[in-house]
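# Descriptive analysis of the structure
Now for the letters of each chain:
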Amino acid sequence: MKLNDAKAFVGHQVHVCRYREAGTLLRWMGDDLRGKRVLDVAGGDGYWAGQARKRGAHAVSIDLARGKMLYGRTLRHTPALIECDALKLPFADESFDALLSVCAIEHFDDGGTALDEMSRILKPGGELFMSADVLSRSRDWPKLREAHCEKYHVQHTYTHESLAGLLTERGMELADYSYQFRSRTTERLYLSLSAYGGRVGFNAAAPLTPLVALADRRSPNDRGSIVLIRARKK
């Protein structure tokens, strides 16, 4: 394993939320992606699209962060990396079998337009695997919420209900959803790490992942810090 691959593994998978978050989305997508065209919307360095490529997909990742994409080109299993805007995708209608987007929509000024584009390029019967910030209880800790939103440029938050409404308007239907950091304690942990710990803090907290997963299983699946959805185009 090259040094950059090791760094990418640590940054993406040794992480108290990203491994479970993106890992769940990829599990929903399936282990055998041979013959499928998969696009990661706002995929940064393309790491997760690269995991789809490992499963046989023709994988593409788009982003506007050129530095991240240049780094992504040094990684093994690099997908096709295209610098472009998620609100104006340079792809033909109905040209992808599956779309992936890991906690990106909350950063867009216009999440509806991003979903318009995703629906446009997705084939009928194709699926969208996406996560988004919810921050269900964040108003209980306004300073943490403010710090999180400012640090990560969070423009909007979503729930599975609000996303289902937006998807229905665009010819897609919600097939499944799951919240992460569901309990009050773990949600505060998430906000504290995001506000003051950053990637270093999330990685340092990785040993807590089994405890967070256990707390999620014991808590109702109706609120949390992050929502994961699986949707299908009609």
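Residues numbered from 1 in each chain as written. Predicted model: local features only at pLDDT ≥ 70, side-chain atom pairs only at ≥ 80, totals over all residues. Heavy atoms only, no water.

The name an unreviewed UniProt entry assigns to the chain is Class I SAM-dependent methyltransferase, from the organism Actinoallomurus acaciae.

### Regarding unusual backbone geometry
Within the chain, Ala 42 stands out as a residue other than glycine whose phi angle is a positive 60 degrees. Residue placement: Ala 42 occurs in the loop between β1 (37–41) and α3 (47–54). For Ala 42, a relative accessible area of 24% corresponds to the partly exposed category. (Helix = DSSP H or I, 4+ residues; strand = E, 2+ residues; numbered from the N terminus. Buried < 20%, exposed > 50% of the residue type's maximum accessible area, 1.4 Å probe, protein only.)

### Overview of helix α5 (residues 111–121)
In an α-helix, one turn spans 3.6 residues, which is why side chains three or four residues apart end up on the same side. By the criterion of burial, α5 is predominantly enclosed, with eight of the eleven residues buried. All of the buried residues in α5 are Gly 111, Gly 112, Ala 114, Leu 115, Glu 117, Met 118, Ser 119 and Ile 121. Structurally, α5 contributes buried residues whose contacts are with β1, β4 (96–101), β5 (122–133), α7 (160–168), β6 (172–180) and β7 (226–233). Measuring from the side-chain oxygen of the N-cap residue of α5 to the backbone nitrogen of Gly 112 gives 3.2 Å; that N-cap residue is Asp 110. (Contact = heavy atoms within 4.5 Å. Polar contact = N/O pair within 3.5 Å; in protein donor to acceptor, adjacent residues only side chain to side chain.)

### Observations concerning α3
Most of α3 is tucked away, with six of its eight residues classed as buried. For α3, the complete set of buried residues consists of Tyr 47, Trp 48, Ala 49, Gly 50, Gln 51 and Ala 52. On its buried face, α3 is in contact with α1 (3–13), α2 (18–29), β1, β2 (58–63) and β4. Of the residues one or two after α3, Gly 56 is the one with positive phi, at around 105 degrees.

### Overview of the packing of α2 against α3
It is the contact of α2 with α3, at a shortest axis distance of 11 Å, that shows an interaxial angle of 40 degrees. In terms of orientation, α2 and α3 fall into the oblique class. The element α2 and its partner α3 pack so that their crossing is right-handed. Between α2, through Arg 18, Ala 22 and Leu 26, and α3, the contact on the second element is made entirely by Trp 48, Gln 51 and Ala 52. Partitioning the contact of α2 with α3 into residue classes produces four nonpolar, one polar and one charged. (Axes fitted to C-alpha atoms, helices over the stretch in contact; angles between N-to-C directions. Parallel < 35°, antiparallel > 145°, perpendicular 65-115°, else oblique. Left-handed = near helix turned anticlockwise from the far one by under 90°. Nonpolar A, V, L, I, M, F, W, Y, C, P; charged D, E, K, R; others polar.)

### Topic: the UniProt feature "domain: Methyltransferase type" (unreviewed entry) in the chain
Per the UniProt annotation, the sites labelled "domain: Methyltransferase type" (unreviewed entry) are residues 39–129. Across residues 39–129 one finds 29% helix and 30% strand; the C-alpha atoms that close the span lie 10 Å apart. (UniProt positions renumbered as here; feature names shortened; annotations may be inferred.)

### Overview of the state of the cysteines
Within this structure, the stated rule accounts for zero disulfides. Cys 84 takes part in no disulfide bond, and the closest cysteine sulfur to it belongs to Cys 103, at a distance of 20 Å. Left without a disulfide partner, Cys 149 is nearest to the cysteine sulfur of Cys 103, which lies 12 Å away. Using a relative accessible area of 16% as the deciding quantity, one classes Cys 149 as buried. (Disulfide = S-S within 2.5 Å.)

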